[in-house]
Amino acid sequence: MASAFFRSLSMCAACVVVLVLLIAGVTAGSVRTSRFDELFQPSWALDHFTYEGEVLKMKLDNYSGAGFSSKSKYMFGKVTTQIKLVEGDSAGTVTAFYMSSEGSNHNEFDFEFLGNTTGEPYLVQTNVYVNGVGNREQRLNLWFDPTKDFHSYSLLWNQRQVVFLVDDTPIRVHSNLEHRGIPYPKDQPMGVYSSIWNADDWATQGGRVKTDWTHAPFVASYKGFQIDACACPATVAASDNARHCSSSAERRYWWDEPTVSELSTHQSHQLLWVRANHMVYDYCSDATRFPATPVECQHHRH
């Protein structure tokens, strides 16, 4: 009798353990999968979104692309997402991950992943807009195949610099050169966005290679959404947000610390390596577009 009792008790204990594990699994899963819902919302083509566990997928077909946006706007901090780009022949497609404020004098930091014909490297184009003015394109190829696995893409933004990072390796720095009379994006809260769309008029080999719709749908996959930044309520004036998001005697924010006000020696070496081995276009060196070298390029080669 006793042994039967203990057997049934141990079975119940096992059930409890399994139940706890199941509950833990559900909870962990919901936390992971809800991160997108906590931070972001689809902004168009809701029927082009699918959710597979912790992975969000957006597709482009010959009906529509898709896009999402953050629920809040931010001023200073770091935003990251992990993306697995469109596999195979993705010519003509663009997948973008970017931050932007609103209005004609907006600020914007762009990652644009330009699709390729099968076997050619993906190109990453970055750009920086300040007060509505862009034309600061840089292009590079990556040191891995971004279609085979997830890689992290980050934007770090503070009052001293904007840093574009791939797997925490800096690929571009836009420094605050206000002391040279160059405007710097530091006074407009920015939303975080991503989209996939057809841009075969320019995206692949200058528009010479068009999108092959027989390969649709083109799917970009996302996970690992992280925003560690200063949220700015829409009801608060930009100048008040700028004050609130800057360190003071009362509060200290991590993005104002000296360790992130400039690249470390190791990061500087990483950036030099990227520029030497992977950069294929830099607006600073384009004398055809800019007969007079842009002011920020004259003293600052990042």
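I will try to describe carefully the structure that is included in this document. (Residues numbered from 1 in each chain as written. Predicted model: local features only at pLDDT ≥ 70, side-chain atom pairs only at ≥ 80, totals over all residues. Heavy atoms only, no water.)

1. So, the sheet that holds strand E4 (residues 66-70)
Spelled out, the test is: Strands were regarded as paired on the criterion that DSSP finds at least two bridges between them. Numbering goes from the N terminus for both helices and strands, where a helix is a DSSP run of H or I of at least four residues and a strand is a run of E of at least two. All axes are obtained by fitting lines to C-alpha atoms, using only the stretch in contact for helices, and the reported angles, taken between N-to-C directions, cover 0 to 180 degrees.
Judged by pairing direction, the sheet is antiparallel, and its eight strands sit side by side in the order E1-E4-E13-E6-E7-E8-E9-E15 without closing on themselves. The open sheet has two free edges, formed respectively by strand E1 (40-44) and strand E15 (279-282), since each of these has just one partner strand. In this sheet, neighbouring strand axes are inclined to one another by 15° on average, regardless of whether the strands run parallel or antiparallel. Across four bridges, E4 lies against strand E13 (residues 191-198) in antiparallel orientation. Bridge pairing in E13 links Phe68 to Ser194.

2. Some thoughts on helix H3 (residues 265-278)
Quick note on the threshold: To estimate how far a helix should extend, the number of its residues minus one is multiplied by 1.5 Å. In this scheme, a residue with accessible area under 20% of its type's maximum is buried, one over 50% is exposed, and one in between is partly exposed, where area comes from a 1.4 Å probe on protein chains only. Comment: arc refers to directions from the helix axis out to C-beta atoms.
With 14 residues, H3 should cover 20 Å at 1.5 Å per step; its first-to-last C-alpha distance of 20 Å lies within 8% of that length. Among all positions of H3, only Gln270, Leu271, Val274 and His278 are buried. Looking straight down H3, one finds its buried side chains confined to an arc of 100°; they lie on one side. Set apart from the buried face of H3 by more than 90 degrees, the exposed residues are Thr265, His269, Leu272 and Ala276.

3. A few points about the state of the cysteines
We apply this condition: Pairs of cysteine sulfur atoms within 2.5 Å are what we label disulfides.
Scanning all chains against the criterion turns up two disulfides. This cysteine, Cys232, is not joined by any disulfide, and Cys245 carries the nearest cysteine sulfur, 3.8 Å off. Cys232 sits in the buried class, given a relative accessible area of 7%.

4. Things to note about unusual backbone geometry
The omega angle of the peptide bond from Ala216 to Pro217 is 5°, so this bond is cis rather than trans. Tracing the sequence through the fold places Pro217 in the loop between E13 and strand E14 (218-232). Here the phi dihedral of Asn131 falls at roughly 55°; this positive angle occurs in a residue that is not glycine. Looking at where Asn131 falls in the secondary structure, it is placed in the loop between strand E8 (123-129) and strand E9 (138-141). With relative accessibility at 35%, the residue Asn131 sits in the partly exposed group.

5. Some words on the sheet that holds strand E2 (residues 49-52)
Here seven strands make up an open sheet; going across it, the order is E2-E3-E14-E5-E10-E11-E12 and the pairing antiparallel. This sheet does not close on itself; its edge strands, each paired only once, are E2 and strand E12 (169-175). Between one strand axis and the next, the sheet turns by 25° as a mean value, whatever way the strands run. As judged from the five bridges shared by strand E3 (residues 55-60) and E14, these two strands associate in the antiparallel manner. Bridge pairing links Leu60 to Phe218 in E14.

6. Here we look at the nonpolar core
Generally speaking, nonpolar side chains in soluble globular proteins are found buried as a group. Applied cut-off: Definition used in this section: a nonpolar core is a set of buried Ala, Val, Leu, Ile, Met, Phe, Trp, Tyr and Cys residues joined via side-chain atoms within 4.5 Å. Here, residues are in contact when the closest pair of their heavy atoms is within 4.5 Å.
Within the largest apolar cluster, 52 residues are counted, with the highest numbers of intra-cluster contacts made by Phe68, Phe109, Phe111, Tyr153 and Trp157. Among the elements that line this core, the one with the most residues is E14, at seven residues. Setting aside anything within four residues of it in sequence, one finds Phe109 in contact with Phe97, Tyr98, Met99, Asn127, Val128, Leu155, Trp157, Val162, Phe164, Pro185 and Met190. Val163, Leu165, Val173 and Leu271 belong to the second-largest nonpolar core, a separate cluster that totals six residues.

7. Looking at the packing of aromatic side chains
Defined as follows: What counts as a ring pair is set by centres within 6.5 Å for rings of Phe, Tyr and Trp (its six-membered ring), and what kind of pair is set by the plane angle: stacked under 30 degrees, edge-to-face over 60, tilted for all other angles.
A full pass over the atoms with the stated rule returns 23 aromatic pairs. Seen from their ring centres, Phe40 and Phe68 are 5.1 Å apart, and the 75° between their planes marks the pair as edge-to-face. Within this pair, whereas Phe40 is found in strand E1, its partner Phe68 is found in strand E4, the two being separated by 28 residues in sequence. Under the relative-accessibility criterion, Phe68 is labelled buried at 1%. Aromatic side chains Trp143 and Trp273 sit 5.6 Å apart centroid to centroid with 70° between the ring planes, which places their arrangement in the edge-to-face category. Residue Trp143 is located in the loop between E9 and strand E10 (151-157), and its partner Trp273 is located in helix H3; the two are separated by 130 residues in the primary sequence. Residue class for Trp143 comes out partly exposed when judged on its relative accessible area of 29%. Ring pairs connect the aromatic residues Phe36, Phe40, Tyr51, Phe68, Tyr222 and Phe225, which therefore count as one cluster.

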